[in-house]
Structure formats: C-alpha cells, structure tokens
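Structure assessment
Listed here are the chains, written in short residue letters.
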Amino acid sequence: MHFKLPAFWQSLYILFSLVYVCLMLSFLQCSDLVCRSYSRDVENPGNNLYVTGLSPRITKKELEKHFSTKGTVIDVHLVVDPWTRESRGFGFVTMSTVEEADHCIKYLDRSVLEGRVITVEKVKSSCVLFLTSGPGFCILVA
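Here's what I pulled together on the structure shown here. (Residues numbered from 1 in each chain as written. Predicted model: local features only at pLDDT ≥ 70, side-chain atom pairs only at ≥ 80, totals over all residues. Heavy atoms only, no water.)

Under the definition given, this model contains four salt bridges. With a shortest N-O distance of 3.7 Å, E121 and K124 are connected by a salt bridge. For E121, a relative accessible area of 31% corresponds to the partly exposed category. (Salt bridge = Lys/Arg side-chain N within 4 Å of Asp/Glu carboxyl O. Buried < 20%, exposed > 50% of the residue type's maximum accessible area, 1.4 Å probe, protein only.)

Among the nonpolar cores identified, the biggest contains 18 residues, and V51, L54, L63, F67, V93 and M95 are the most heavily contacted of them. Of all the elements in the fold, those that place two or more residues in this core are β1 (48–52), α3 (60–68), β2 (73–80), β3 (87–95) and α4 (98–108). In terms of residue count, β2 provides more of this core than any other element does, four residues in total. (Core = buried A, V, L, I, M, F, W, Y, C linked by side-chain atoms within 4.5 Å. Helix = DSSP H or I, 4+ residues; strand = E, 2+ residues; numbered from the N terminus.)

Attention now goes to the sheet that holds β2. If you walk across this open sheet you meet the four strands as β2-β3-β1-β6, and the pairing is antiparallel. The open sheet is flanked by β2 and β6 (119–122), the only strands paired with a single partner. Recorded for the sheet is a direction-independent mean angle of 20° between the axes of neighbouring strands. This element, α3, spans β1, β2, β3 and β6 of the sheet and lies at about 140° to β2. Each of β1, β3 and β6 touches α4; the most contacted strand, β6, lies at about 150° to it. (Pairing = 2+ DSSP bridges. Axes fitted to C-alpha atoms, helices over the stretch in contact; angles between N-to-C directions. Contact = heavy atoms within 4.5 Å.)

Here we take up unusual backbone geometry. The general pattern is negative phi for most residues beyond glycine and trans for most peptide bonds. Non-glycine residue R110 carries a positive phi angle of around 70°. Position of R110 among the secondary structure elements: in the loop between α4 and β4 (112–113). Overall, R110 belongs to the exposed group, its relative accessible area being 55%. Of note in the backbone geometry, E114 takes a positive phi value of approximately 55° without being a glycine.

A separate point is the environment of F92. Looking at the secondary structure, you find F92 in strand β3. Look at F92 and you get buried, because its relative accessible area is 16%. As for F92 and V123, which are separated by 31 residues in sequence, their C-alpha atoms are 8.2 Å apart.

Direction of pairing for β2 relative to β3: antiparallel, over a ladder of six bridges. Residue pairing for β3: V80 is matched across the bridge by S87. Linking β2 to β3, which pair antiparallel, is a turn of six residues; within it R85 sits at a positive phi near 65°.

Looking now at the pairing of β3. Within β3, seven of the nine residues are buried, which leaves the element mostly enclosed by the surrounding structure. Pairing of β1 with β3 involves five bridges; the strand directions are antiparallel. Its bridge partner lying in β3, T52 is registered against F90.

Let's shift gears to the environment of Y107. Along the polypeptide, Y107 turns up in helix α4. Between the alpha carbons of Y107 and V120 there is a distance of 9.3 Å; along the sequence they are 13 residues apart.

Bringing the packing of aromatic side chains into the picture now. All chains considered together, the criterion is met by three aromatic pairs. Centroid distance F90 to F92: 6.3 Å. Interplanar angle 85°. Geometry classified as edge-to-face. A connected cluster of aromatic rings, assembled from ring pairs, spans Y50, F90 and F92. (Phe/Tyr/Trp six-rings, centres within 6.5 Å; stacked < 30°, edge-to-face > 60°.)

Here it is in structure tokens:
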C-alpha cells in the first residue's frame, strides 16, 4: 500500500537526502561509489539521452516504445518518486548508436508523449551516481 506524505515532509526528506549525499561525497571519491572513472568520451559516447517533460503517468515501456520508432533502444531508466512510484518527469534512454541518438534528438525533441511536450538531449554530465538513501534513491550528477 502506497501513501503520499504531505509536501512539507517530502521536502524535508529531499533536503536531508541532499545533505547526506553532500556529506558522503566530501569523504569519498567518485571511484569509491558506483561510478566508474571513465573519460568523458567512453562514459557517454553520444548515445545516452536525457529526456524531460514526461507525464507522471508515463511508464518505462511507453517511453521505450516512443524511442524505438527511431532506432534500437538499449536501456531506459525512468526516474520515479519513491513513495508514489510515479514518474518525476525525466529519464534516460540509451540508443544503440550515436546516429540513432542524433535521429531521436532531431525527430523526438519537442514531440508529444502522453499529452506532454518532451525535450530530448544528450547527457552532458561527466559522472552519474545512483545512491541508495532511505526508501528511494537519488541521482547525483557530478
């Protein structure tokens, strides 16, 4: 059974989670965590996409179906709220080639999915960390 916490408590949880992550990062190096130390070219060869503007009702399968119209989808990660399990409005899609990723940017950026205009761009970060904290997880882009 899922329940939704009041906005105040959700905000407080997020604030404490961010403080926890900052404290942890002050003691650890990126290589100590789940992140691998790759060069920028190897880490994101250009086929990893950042998708925003997603509806809270979107599912991983629907997002994959939308992108598979423009190429072969290798992986989809939909970021969800840990309590409601609804989409937080963004996710990551990995295409099989850089050309397919470019094709997705050209034809799917500003497209409509579940009644929402989505944006599609290449992941620009040098390191994405998935840290477990409490009942959910957070993504830290460093």
